[in-house]
Amino acid sequence: MQGAEPAPDAEPTPGVERADRPADALPVVAPQLRALRRRASLTLEAAARAAGLSPAHLSRLETGQRQPSLPMLLALARIYGTTVSELLGETVADRDAVVRAADMEPTAAGGWTYWQAGAFGRGMQALRVHVPYGSQGDIVRVHPGEEWLYVLEGRLRLRLGDTTHRLVPGDSAHFDSLTPHRIAAQDRGGVELLFVHTLLQSPTATLCLGPTPGEMP
């Protein structure tokens, strides 16, 4: 049950070690948990809710008062868009700094087309995006993190809160993703964007497109 925690003085079952008891086996987990949560732009409350924990429980994990079980590590790694190895402080293999155009495979979702323009596993994700005219333009998106976009070709209609902006090639926008926003192509030829976001833990299609038609935005 979400938020349920064992009583502080509860005795462990004989022969079974409490997985969340403080121990020397995972001394680096606490600072890693906090650093990776902040890198993912998640509040303590939001991360705890996504992991099925109480904020107090997650806070104790981040301060080393408790150690996470393996299921907790797996859940937090998924939420933070990383691996259990990185949560444990193990060295992450070097990532290529350069992404070649020939290696950019297009991915289509909801009418939009994406090309990965940055390395996987980073705190920011960079994409080149084609937004066709009339596709998903009425969907309001709200989520944690930040977004930055730059118009390469075409004209973009960007609605932030109650204000509508029209961007032309060379224009850019940088905003908090908790601001309700809509993205739509103004011209029938669509619009080409460079797009950078900090929501590493979410699939690209969900992050950029929002809910599918018929769902609550």
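Residues numbered from 1 in each chain as written. Predicted model: local features only at pLDDT ≥ 70, side-chain atom pairs only at ≥ 80, totals over all residues. Heavy atoms only, no water.

J.: Would you mind going over the sheet that holds strand E3 (residues 125–131) with me for this structure?
T.: For sheets, the rule is that strands pair by backbone hydrogen bonds, running either parallel or antiparallel. In spatial order, the strands read E1-E2-E3-E9-E4-E7; together these 6 strands make up an open sheet with antiparallel pairing. This sheet does not close on itself; its edge strands, each paired only once, are strand E1 (106–109) and strand E7 (172–176). The average undirected angle you get between the axes of adjacent strands in this sheet is 25 degrees. (Pairing = 2+ DSSP bridges. Helix = DSSP H or I, 4+ residues; strand = E, 2+ residues; numbered from the N terminus. Axes fitted to C-alpha atoms, helices over the stretch in contact; angles between N-to-C directions.)

J.: Would you mind going over unusual backbone geometry with me for this structure?
T.: A negative phi holds for most residues other than glycine; trans holds for most peptide bonds. The backbone of serine 41 sits at a positive phi, close to 60 degrees, despite the residue not being glycine. Mapped onto the secondary structure, serine 41 falls in the loop between helix H1 (29–39) and helix H2 (44–51). Classification of serine 41 as partly exposed rests on a relative accessible area of 31%. (Buried < 20%, exposed > 50% of the residue type's maximum accessible area, 1.4 Å probe, protein only.)

J.: Would you mind showing me how to read the side chain of glutamate 192 here?
T.: Mapped onto the elements of the fold, glutamate 192 is located in strand E9 (residues 191–197). Using a relative accessible area of 16% as the deciding quantity, one classes glutamate 192 as buried. Only 2.8 Å separates the side chain of glutamate 192 from the side chain of histidine 130, close enough to count as a polar contact. Contacts of glutamate 192, omitting those with residues within four sequence positions, involve Trp115, Arg128, Val129, His130, Tyr150, Val151, Leu152 and Glu153. (Polar contact = N/O pair within 3.5 Å; in protein donor to acceptor, adjacent residues only side chain to side chain. Contact = heavy atoms within 4.5 Å.)

J.: Quick question: what am I supposed to make of the confidence of the model for the chain here?
T.: Note that predicted coordinates carrying low pLDDT should not be read in detail. When the pLDDT values of the chain are averaged, the result is 74; 70% of them are 70 or greater. The lowest-confidence element of the chain is helix H6 (residues 204–209), averaging 44 in pLDDT; the highest-confidence one is strand E6 (residues 163–167), averaging 97. Low pLDDT, under 50, characterises residues 1–27; the stretch is placed with 32 contacts to residues that sit more than four places away or in other chains. Taken as a whole, residues 200–217 scores under 50 in pLDDT and shows 43 contacts with residues more than four places along the chain or in a different chain. (pLDDT = per-residue confidence, 0-100.)

J.: I tried to follow the pattern of salt bridges on my own but got confused; where do I start?
T.: Any two side chains of opposite charge can pair if their charged atoms end up close together. Here the structure, examined in full by the defined rule, presents 4 salt bridges. In this structure, glutamate 62 and arginine 37 form a salt bridge, with 2.6 Å as the shortest nitrogen-oxygen distance. Separated by 25 residues along the polypeptide, glutamate 62 in helix H3 (residues 55–62) and arginine 37 in helix H1 bring together distant segments of the chain. Grouping residues by exposure puts glutamate 62 and arginine 37 together as buried. Here aspartate 187 and arginine 155 are joined by a salt bridge, their closest N and O atoms 2.7 Å apart. Linking aspartate 187 in the loop between strand E8 (181–185) and E9 with arginine 155 in the loop between strand E4 (146–153) and strand E5 (156–160), this pair joins segments that are 32 residues apart in sequence. You can call aspartate 187 partly exposed: its relative accessible area is 22%. Each of Arg34, Arg37 and Glu62 takes part in salt bridges that share partners, so that together they form one network. (Salt bridge = Lys/Arg side-chain N within 4 Å of Asp/Glu carboxyl O.)

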